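# Observations on the three-dimensional arrangement
Residue-level listing of the chains:
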Amino acid sequence: MAVGAARSEEGFTSAGAARVLDAACRAAGLDGSGAELIRLGENALFRLASVPVIVRVARGEEWLPTALTEVAVSRWLATEGFSAARIVEDLEQPLLVDGHPVTFWHLIVEGDRKATYGELGRVLRDLHSLTVPDGLVLPSFDPFDKQELRMDRAVVSEDDKVFLRKRWFELRDRYVELRFETPKGPVHGDAHVQNLMVDDQGKVILIDFEAFCFDHPEWDLMVTAVEHHSLGWQTDEQYAEFVAAYGRDLYDWHGYGTLRGLQEFGMTTWLMQNVQEDERTAAEYRRRIAGLRNDDAPRDWRPW
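## Considerations on the nonpolar core
L77, L164 and F209 are the most contacted members of the largest nonpolar core, which totals 71 residues. Looking at this core element by element, the count peaks at eight residues for helix 8 (residues 256-272). In this structure, F209 is in contact with E70, V73, S74, L77, A84, A85, W105 and H188, ignoring residues within four places of it in sequence.

So this is what it looks like as structure tokens:
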């Protein structure tokens, strides 16, 4: 269902997303007053004050196919009994509000601990063992999806954009040469430990299906491998737990270097979208773009 007139996502900000949230809640018959912005990334995520619901506002109408996939994946994983985020079933989803796809999700009440890397490895192993039903059509993994939009619309210097476009073409050439030896299956597409939540009953729950696809499992292993081997975001013990739980260290694969380049590029352009929000975001973007300009330099990037 569409509400309002479609508009470009250019200039997507927390304030603009809040206006979309208000309209979406009115259309869904929910009270959006007092909603709290909990994250601004590829989407704006809000926690409603009136009911235990999370609302996701996407950046523009180009994200409508993604929102449709998220809803379909949530429904499928529910039928599998897989521990994952659930949509609010009694609402028509997604809504299209002023050109922004909007989805509604049951709030997960967090417990007193975060998920471990061993749990991430086990969740991914279990996810990759599932069989996608014939009726669920999933895209292939596209590491360049949305990158051109990000580069076109981000409020960064023209010099940065020229550099990023050059790197983009270099990575596309390397990507063409990748040869996978694993069969395709369900892939989360953004499989970092922050996309696991532990609820107040101790249950580990997989969230965030916007990059969910049907492809090779290496795309899911790439995230934690790069975070450890390139960025140093986990201890050796934490990464060893991940590898032991899943059964593979992607660092040993011949294509790791290419996947590292793709992952770091995506992490930089993802953050680049929000440099206008505050100086903290802009400073982290500057750290990341400086790292891309020197492949051999140590990465002092910070988790976001």
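## Considerations on helix 5 (residues 158-176)
For helix 5, spanning 19 residues, the distance from its first C-alpha to its last is 27 Å, which sits close to the expected 27 Å at 1.5 Å a residue. The set of residues buried in helix 5 consists of D160, K161, F163, L164, R167, W168 and L171. Each buried residue of helix 5 lies within a common arc of 155° when the element is viewed along its axis, so the set occupies one face. Across helix 5 from its buried face, at more than 90 degrees, point the exposed residues E158, V162, K166, D173 and V176.

## Re the pattern of salt bridges
By the definition in use, this model includes 23 salt bridges. As a salt-bridge pair, K114 and E110 come within 3.5 Å of each other at their nearest N and O atoms. Classification of K114 by relative accessible area gives exposed; the value is 63%. Between R293 and D159 there is a salt bridge, and its shortest N-O distance comes to 3.0 Å. Of this pair, R293 sits in the segment after helix 9 (279-292) while D159 is found in helix 5, placing the two residues 134 residues apart along the sequence. Overall, R293 belongs to the partly exposed group, its relative accessible area being 39%.

## With respect to unusual backbone geometry
Q93 connects to P94 through a cis peptide bond whose omega is -10°. Residues other than glycine seldom take positive phi values, yet D98 does so here, at roughly 50°. Among the structural elements, D98 can be located in the loop between strand 5 (95-97) and strand 6 (100-106). Classification of D98 by relative accessible area gives buried; the value is 18%.

## Focus: the packing of aromatic side chains
Going through the model one piece at a time under the given rule, you end up with 12 aromatic pairs. Measuring from ring centre to ring centre gives 6.0 Å for W105 and F209, while their planes differ by 65°; the resulting arrangement is edge-to-face. Residue W105 is located in strand 6, and its partner F209 is located in the loop between strand 9 (204-206) and strand 10 (213-215); the two are separated by 104 residues in the primary sequence. By relative accessible area, F209 is classed as buried at 0%. Where F180 meets W219, the ring centres are 5.6 Å apart and the plane angle is 50°; that geometry is what we call tilted. With F180 in the loop between helix 5 and strand 7 (185-187) and W219 in helix 6 (residues 218-229), this residue pair connects regions lying 39 residues apart in the sequence. Note on W219: relative accessible area 1%, which makes it buried. One aromatic cluster is present, formed by F141, F144, W168, F169, Y175, F180, W219 and W253 through successive ring pairs.

## Let's talk about the packing of helix 8 against helix 9
Each pair of packed helices can be summarised by the angle the axes make with each other and by the distance between the axes. Orientation of helix 8 relative to helix 9, taken along the N-to-C sense of each, is 150°, at an axis distance of 9 Å. Between helix 8 and helix 9, the crossing angle belongs to the class labelled roughly antiparallel. Regarding helix 8 and helix 9, the two cross each other, and that crossing is left-handed. Touching E264, F265, M267, T268, L271 and M272 of helix 8 are T281, E284, Y285, R288, I289 and L292, all from helix 9. The class makeup of the residues in the contact of helix 8 with helix 9 is seven nonpolar, two polar and three charged.

Reading guide: rules and limits
- Residues numbered from 1 in each chain as written.
- Predicted model: local features only at pLDDT ≥ 70, side-chain atom pairs only at ≥ 80, totals over all residues.
- Heavy atoms only, no water.
- Core = buried A, V, L, I, M, F, W, Y, C linked by side-chain atoms within 4.5 Å.
- Buried < 20%, exposed > 50% of the residue type's maximum accessible area, 1.4 Å probe, protein only.
- Helix = DSSP H or I, 4+ residues; strand = E, 2+ residues; numbered from the N terminus.
- Contact = heavy atoms within 4.5 Å.
- Expected span 1.5 Å × (residues − 1).
- Arc of directions from axis to C-beta.
- Salt bridge = Lys/Arg side-chain N within 4 Å of Asp/Glu carboxyl O.
- Phe/Tyr/Trp six-rings, centres within 6.5 Å; stacked < 30°, edge-to-face > 60°.
- Axes fitted to C-alpha atoms, helices over the stretch in contact; angles between N-to-C directions.
- Parallel < 35°, antiparallel > 145°, perpendicular 65-115°, else oblique.
- Left-handed = near helix turned anticlockwise from the far one by under 90°.
- Nonpolar A, V, L, I, M, F, W, Y, C, P; charged D, E, K, R; others polar.

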